[in-house]
Amino acid sequence: MNNIKSIGIAGAGGIGSNLVAMLFDYGYHRKQFDYSSIDVNVYDDDVVDVKNLLHQNFKLDDIGKPKVKVLEEKYVINAVSSFMTPKDFKKHDVIFSCVDSMSFRKELYEYGFKQPKNLFWVDGRCTSRQGALFTSQLPENELRKYITDSDERGGCLHDYEKEQNISHALPIVIAGMMLQAFLNWLRGEKTDKKVFML
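Residues numbered from 1 in each chain as written. Predicted model: local features only at pLDDT ≥ 70, side-chain atom pairs only at ≥ 80, totals over all residues. Heavy atoms only, no water.

We now examine the pairing of strand E2 (residues 39-43). Regular strands show a simple pattern: their side chains alternate between the two faces of the sheet. Most of E2 is tucked away, with 4 of its 5 residues classed as buried. Note that E2 and strand E3 (residues 78-80) share 3 bridges and pair parallel. When the sheet's bridge partners are listed, Tyr43 is paired in E3 with Val80. For the crossover that starts at E2, traverses helix H2 (residues 67-74) and ends in the parallel E3, the hand is right-handed. (Buried < 20%, exposed > 50% of the residue type's maximum accessible area, 1.4 Å probe, protein only. Helix = DSSP H or I, 4+ residues; strand = E, 2+ residues; numbered from the N terminus. Pairing = 2+ DSSP bridges. Right-handed = clockwise from strand over helix to strand, strands pointing away.)

This brings us to the pairing of strand E6 (residues 130-135). In terms of burial, E6 is largely enclosed, as 5 of its 6 residues are buried. Pairing between strand E5 (residues 120-127) and E6: 6 bridges, direction antiparallel. Looking across to E6, one finds that Cys126 is bridged to Gly131. In this antiparallel pair of consecutive strands, E5 and E6, the connection spans 2 residues, and Ser128 shows a positive phi of 55°.

Quick look at helix H7 (residues 170-186) now. The end-to-end C-alpha separation of H7 is 24 Å, in line with the 24 Å expected for 17 residues at 1.5 Å each. Counting buried residues along H7, 12 of its 17 residues qualify, which places the element largely inside the surrounding structure. Among the residues of H7, those classed as buried are Leu170, Pro171, Ile174, Ala175, Met178, Leu179, Ala181, Phe182, Leu183, Asn184, Trp185 and Leu186. Looking one or two places after H7, you find Gly188, whose phi comes out positive at around 75°. (Expected span 1.5 Å × (residues − 1).)

On the surface, a nonpolar cluster with roughly 280 Å² of combined accessible area is contributed by Val50, Leu60 and Ile63. With respect to the secondary-structure elements, Val50 resides in the loop between E2 and H2. (Patch = residues over 30% accessible without salt bridge, like charges linked within 9 Å, V, L, I, M, F, W, Y side chains within 5 Å. Areas by Shrake-Rupley, 256 points an atom, 1.4 Å probe, with all protein chains shown as cover. Salt bridge = Lys/Arg side-chain N within 4 Å of Asp/Glu carboxyl O.)

Here we come to the packing of helix H1 (residues 14-29) against H7. Relative to each other, H1 and H7 sit at 45°, their axes nearing to 8 Å. By the angle between their directions, the pair H1 and H7 is classed as oblique. Crossing hand, H1 versus H7: right-handed. Contact residues: Gly14, Ile15, Asn18, Leu19, Met22, Leu23 and Tyr26 in H1; Pro171, Ile172, Ile174, Ala175, Gly176, Met178, Leu179, Phe182 and Leu183 in H7. A per-class count over the contact of H1 with H7 returns 13 nonpolar, 3 polar and no charged. (Axes fitted to C-alpha atoms, helices over the stretch in contact; angles between N-to-C directions. Parallel < 35°, antiparallel > 145°, perpendicular 65-115°, else oblique. Left-handed = near helix turned anticlockwise from the far one by under 90°. Contact = heavy atoms within 4.5 Å. Nonpolar A, V, L, I, M, F, W, Y, C, P; charged D, E, K, R; others polar.)

So, in structure tokens, the structure goes:
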């Protein structure tokens, strides 16, 4: 197994909040890795609002509270009430990108291309009914096809879906796939060298 000291999770929304719960469950409860010896830092600067309850790992009592603080109360993590930036990358052995920012993804990918053996990262993407999973194990030329210079930000649900109270299971599915990619990497197992898209 890989010896890791620090995990950084960028984003505590639809994918990130569910991933935190899964990591805690599989590390602490199911003993698939030594969760207690790893610093898990979750970065997000947002607060829980009522629309988040459709697809994120939050409850009615959490509304108005910082997302990372709610997760810190439920799971053994360090709450970082800010957006992860490139200066934070070097603090972690593993980074999970659970954000809706292409500019962040591009910075992470570029950083990762320069540290191929020192960093494992997983990028989970979800927009309504479409999702994708990318890892640092994929070839650089393949990954470059999926990063752009766009500053546009999206989310797991479209605005009309939030207004009409429409939810999807995809954020949980993507979080689970990110966890599995991480477990495969920890165990030294080869993850299929293809991009997953739904």
